[in-house]
Amino acid sequence: MTTQVKRDKPWLMRTYSGHSSAKASNELYRTNLGKGQTGLSVAFDLPTQTGYDADHPLARGEVGKVGVPICNIGDMEALFDQIPLGQMNTSMTINATAAWLLALYVATAERQGASPAQLQGTTQNDILKEYLSRGTYIFPPAPSVRLTTDIIAYTVKNIPKWNPTNICSYHLQEAGATPTQELAYALSTAIAVLDAIRDSGQIGADGFEQVVGRISFFVNAGIRFVEETCKMRAFGEMWDKLAQERYGAQSEEMRRFRYGVQVNSLGLTEAQPENNVQRIVLEMLGVSLSKKARARAIQLPAWNEALGLPRPWDQQWALRMQQVLVLETDLLEYGDIFDGSPVIAAKVKALVDGATAEMARVQEQGGMVQAIEAGYVKRQLVTSHTERMRAIERGDLKIVGLNCFRETEESPLTGGKDSGIMKVDPRAEREQIERLNAFRAKRNNAEVKAALATLAETARSGANIMPASILCAHAGVTTGEWSQTLRDIFGEYRAPTGIDIAANDDARGARAVAIRTEVIKTGEEVGRPLRLLVGKPGLDGHSNGAEQIAVKGRDVGFEIVYEGIRLTPEQIAKAALEEGVHLIGLSVLSGSHVEMVEDVFNQLDKVGLRGLPVVIGGIIPESDAKLLKEKGIAAVYTPKDIDLNGIMVDILNLIRKANDLQPVATA
Amino acid sequence: MTLALPEPAALAAAVGGRDRLALARALNLLDDRRPVARQCAAAFLDALPAEKLDTGGHLIGITGPPGAGKSSLTAALIQVWRRRGLKVAILAVDPSSPITGGALLGDRLRMHASGADREVFIRSLACRGEFGGLSAEVWPMSLAMLAAFDVVLVETVGVGQKEIDVSKMTDTTCFVAQPASGDSIQFLKAGIMEIPHVIVVNKEDIGMAARKTLSELKNTLRRQMDPEGWQVPALSVSAALGSGIEPLADALDSHRNWLLARGQFNARRQRCQAEWLVKHLREEFGRYGIGLLGGEDALFIRLAEAPRRSPIAEYEALRARVIREIKAKG
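Cut-offs used in this document
- Residues numbered from 1 in each chain as written.
- Chains lettered and ligands numbered in written order.
- Predicted model: local features only at pLDDT ≥ 70, side-chain atom pairs only at ≥ 80, totals over all residues.
- Heavy atoms only, no water.
- Helix = DSSP H or I, 4+ residues; strand = E, 2+ residues; numbered from the N terminus.
- Expected span 1.5 Å × (residues − 1).
- Buried < 20%, exposed > 50% of the residue type's maximum accessible area, 1.4 Å probe, protein only.
- Contact = heavy atoms within 4.5 Å.
- Domains from an automatic or database assignment.
- Buried area = accessible area lost by both parts, 1.4 Å probe.
- Salt bridge = Lys/Arg side-chain N within 4 Å of Asp/Glu carboxyl O.
- Polar contact = N/O pair within 3.5 Å; in protein donor to acceptor, adjacent residues only side chain to side chain.
- Phe/Tyr/Trp six-rings, centres within 6.5 Å; stacked < 30°, edge-to-face > 60°.
- Lys NZ or Arg CZ within 6 Å of the ring centre and 35° of its normal.
- Nonpolar A, V, L, I, M, F, W, Y, C, P; charged D, E, K, R; others polar.
- Pairing = 2+ DSSP bridges.
- Patch = residues over 30% accessible without salt bridge, like charges linked within 9 Å, V, L, I, M, F, W, Y side chains within 5 Å.
- Areas by Shrake-Rupley, 256 points an atom, 1.4 Å probe, with all protein chains shown as cover.
- Lys, Arg positive; Asp, Glu negative; His and termini not counted.
- Charge placed at Lys NZ, Arg CZ, Asp CG, Glu CD.

Colleague: What is the right way to read helix H11 (residues 312-327) of chain A from this model?
Modeller: Each full turn of the α-helix corresponds to 3.6 residues, which orients residues three or four apart in the same direction. Residues and elements named next belong to chain A. The end-to-end C-alpha distance of H11 is 22 Å, a good match for the 22 Å that 16 residues give at a rise of 1.5 Å each. Restricting attention to buried positions, one finds in H11 the residues Asp314, Gln315, Ala318, Leu319, Met321, Gln322, Gln323, Leu325 and Val326. In this structure, the buried side of H11 is in contact with strand S1 (12-14), strand S2 (16-17), helix H1 (22-34), helix H10 (275-286) and strand S10 (297-299).

Printed below as a string of structure tokens:
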């Protein structure tokens, strides 16, 4: 007999979305709400996330691609047109410019007649993980943490229902973290943030429990859903203890581990993409089965994410998965179904012990900020991800349709006119720039100047950044102006790449040795060691692919020049020239590959390197791959190309071809 | 891109004319180990403007233990030099993997944040397990860069007493000490580390530890002196805050002026080349080979005093002699 308990309240159901323009995204949001979605999750485009206006040179090709472009309050008002913010619950995936987007949100709500105190929602506002994964940071760690703490202090006082920061273990898993590492680094980040806010003096000791209570988390759930269930229980235990022991939170409610989820994208495949549907459903179980450790909000990726941008129908399918689980199954009718299980308890303990030990290593280095600056954390993640990739390559880690059971019937899902993905209207960027110019022409420039002066003064003085930012929002300041003002004061930062890890056993394996022998031989034939430039043009910060290629290249004997994320095509061409490389490998995951390739070729022409072989990797639909090859790209690699050794042989032969040498065959 | 070799005189003229593509090709050529390329490289070096190689520009070495902040210090120095209107070339030497021979070269952007300035040129080199922290290509490449840039800076990672091997192949050597690490001080005291021309303690922003290291270094230096009579300054800087960088640039410049004023500048370049030749020969033939040329010391003195030729031509001539001697003995 099970004890009957009150049916649990369903979690918030969201879909991470936004594209093209504020108007188009607003239509999508209203449609999704009509379909039973209960909250919004706003995806911003990369220029908005990295603090550039749509007409900035670095924004080219990126406007409206991975999210909605928001340049000013006009865009924000359009985004929430006919959506009453006083009643909505909105999650915004925004970090370096979180204070600015929150200011725009508050100002928009005020113009709708809602007061800040009514607002509910979340700003992701976890900058530390951006240095490790995703890469949309702007400023150095110290001023970045200060902006984070300003948002927390401001919302605790003025928007009490707001979740000011979502400490993310999500992106750590996407960058290769094991469950233990996820636990350790997310909780170490929480310590860094809470210590900083305590030390900032903005909140008195008596109000600190409220701050602890407002900290929420954003977690990932992978396919190993039993272990993921245990991870979530471990999170709950560890957070409770930390909140009580380190920060003296007495009330149980304030110590509760509150979290939202986006399930894993790293394991979704481009090969036989329909299999992603069952992956997503199983991943959802890991964060919903255990009542004690159940998510507060869930958003699911679409089945075709590894192919390109999902269409509204794909997002609807993802939402329906949640609705079936909540409404049709009996999941919410029971208490915690794992309590008392010795198997679960043992696994939870193992995770807690592992994570506690790793947290101690981080603290020994002075804390999370210092461990990130020293490159330690990133190296740990690159090492884990390298191990995962090698296991897939060897076939030890099975992925159905990718490295086993690869035979397939033709899929009716991807056969349609649109090849099963959405294309962003190529006019979106131009139209956004036109709207931006029209907005600038209408605003009161004296007011803008005064607001920016106040912002600069606030940034220098160390006072809370939010009131000045809200002033800027109302005055008509743009995203680029707000960010540039702070760039001028705080400076910019480049995070450690973490690829300087030791060579692992695969580097000594027969295949790697065979390739290395050919790489060295070709180096002798062309006169000098072979050099590759691995370049990430544009604003996209997803660097897993570039990092794995760099490490593998080093392991098979290439000299690798890799400078990290966010390079301009001009910088890439300059590096190719100065470093005398034999081939360039580009990596673009934001969908702006066509524009980036055009720009890189133009810059290569300018420096006199026309004809240097260039390959590209990324989420690149087949029709675009064809187009890129017509433009002169020598090879295109996508997530289904998991044989990194094979890619290295390809690259070697491309270099041989460019030097009029016969290709080599390496099995 | 093909395997065809450039025309040496035309390439040298273009490098002298500060053509960036030509310099890139020249560096590729100097890296090229095929015998036919070596001949071409020798001819190229011979055709470079002699005055620039003898007394032009400023060749600076910067070295220190890993984590001392050399790259960020280099970045800060580049900014100062650019503000002073100087054109800057960097040779960044990184270690290569002992297992795979491959290398990760990734410090360009840390050294040069804006990355678009055409008057800054950075070439990375993997030290490829030879020459103790340096790469055999460093000297010839430095010469090519001196023909086109005002300041040429060689950055190397050094550990222990090998730390400043670079000092024997540059006009001026700057050692970056790690605050709170006494290793370098011990090496200096014991006299097993070559004395640099300028010592800096980076990260003065961290406070006490940096100040303590600086005062220990000053105490040690009081008892030591550069064999040529130069008084070695010890400076405190913070690459992160940008403080102390102007005085550092001034100190480096003072050493150059000091060499020039004493008429030792050209002689020092001669000795750098002699050092490179001897080291390179030792690498290839060992002590035995050099013994056939009269031994290291005698060879060094002879080379340092002979009129300068292209290093590769000189090397190939010496190499041929060693091989002749070996054959004669066999």
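Colleague: Sorry if this is basic, but what is going on with the domain arrangement of chain B here?
Modeller: Note: interface size is frequently given as the accessible area lost on complex formation between the parts. Residue and element names in this part refer to chain B. Segmentation of chain B into domains returns domain 1 (1-48), domain 2 (52-261) and domain 3 (264-330). Contact with domain 1, which involves six residues of that partner, is made by eight residues of domain 3. Across the domain 1 to domain 3 interface the summed buried area is about 500 Å²; carbon plus sulfur atoms make up 62%. At the junction of domain 1 and domain 3, the tally comes to one salt bridge. One salt bridge connects glutamate 316 with arginine 38, and the closest N-O pair in it is separated by 3.0 Å. Inspection of the domain 1/domain 3 interface yields three residue pairs in polar contact (both at pLDDT 80 or more). Looking at which element gives the most residues to the side of domain 1 that touches domain 3, the answer is helix H3 (residues 35-47), with five residues.

Colleague: Looking at this structure, how should I read the packing of aromatic side chains?
Modeller: Describing an aromatic ring pair means giving the distance of the ring centres and the angle of the ring planes. Here the structure, examined in full by the defined rule, presents 19 aromatic pairs over all chains. With a centroid separation of 5.3 Å and an interplanar angle of 90°, the aromatic rings of Phe80(A) and Tyr105(A) are classed as edge-to-face. Note that Phe80(A) is positioned in the loop between helix H3 (73-79) and strand S4 (89-92) and Tyr105(A) in helix H4 (residues 98-112), a separation of 25 residues in sequence. You'll find Phe80(A) and Tyr105(A) in the same group, each marked buried. Between Tyr131(A) and Tyr493(A), the ring centres sit 5.3 Å apart and the planes meet at 75°, which makes this aromatic pair edge-to-face. In this pair, Tyr131(A) sits in the loop between strand S5 (120-123) and helix H5 (141-158) while Tyr493(A) sits in the loop between helix H18 (479-490) and helix H19 (510-526), placing the two residues 362 residues apart along the sequence. When sorted by exposure, Tyr131(A) lands in the same class as Tyr493(A), which is buried. Every member of this aromatic cluster is reached through a ring pair, and the members are Phe217(A), Phe235(A), Trp239(A), Phe257(A) and Tyr259(A). Above the face of the Tyr137(A) ring, Arg566(A) is positioned so that its terminal group lies 5.2 Å from the ring centre. The aromatic ring of Phe265(B) is capped on one face by Arg256(B), whose charged end is 5.3 Å from the ring centroid.

Colleague: Please clarify how the interface of chain A and chain B should be interpreted in this entry.
Modeller: Taken together, the 44 residues of chain A in the interface contact 38 residues of chain B. Interface of chain A and chain B: buried area, both sides summed, is about 3,300 Å²; carbon and sulfur atoms make up 53% of it. Counting across the interface, chain A meets chain B through four salt bridges. Glu579(A) is the partner of Arg108(B) in a salt bridge, and the nearest nitrogen-oxygen pair spans 2.8 Å. Counting only elements with at least two residues in the side of chain A that touches chain B, the list comes to H19, helix H20 (544-555), strand S12 (559-562) and helix H21 (569-579) of chain A. Of the residues that constitute the side of chain A that touches chain B, the class distribution is 20 nonpolar, seven polar and 17 charged. Strand direction decides the pairing type here: S12(A) and strand S3 (residues 103-105) of chain B, joined by three bridges, are parallel.

Colleague: Just to check I follow, could you spell out a positive patch on the surface for this structure?
Modeller: A cluster of basic residues, Lys6(A), Lys9(A), Arg256(A) and Arg296(A), forms a positive patch at the surface. Residue position: Arg296(A) is located in the loop between H10 and S10.

Colleague: Explain the pattern of salt bridges to me, please; I cannot follow it from the model alone.
Modeller: Between side chains of opposite charge, pairing is possible as soon as their charged atoms come close. Counting across every chain of the model gives 63 salt bridges over all chains. Among the salt bridges present, the one from Arg198(A) reaches Asp199(A), with a minimum N-O distance of 3.5 Å. Since its relative accessible area comes to 58%, Asp199(A) is described here as exposed. The residue Glu563(A) makes a salt bridge to Arg108(B) at a minimum N-O spacing of 3.4 Å. In this pair, Glu563(A) is assigned in the loop between S12 and H21 and Arg108(B) in helix H6 (residues 108-111), connecting two distinct chains. With respect to burial, Glu563(A) and Arg108(B) carry one shared label: buried. If you follow the salt bridges from partner to partner, you end up with Arg531(A), Glu559(A), Glu563(A), Lys574(A), Glu578(A), Glu579(A), Arg20(B) and Arg108(B) in one network.

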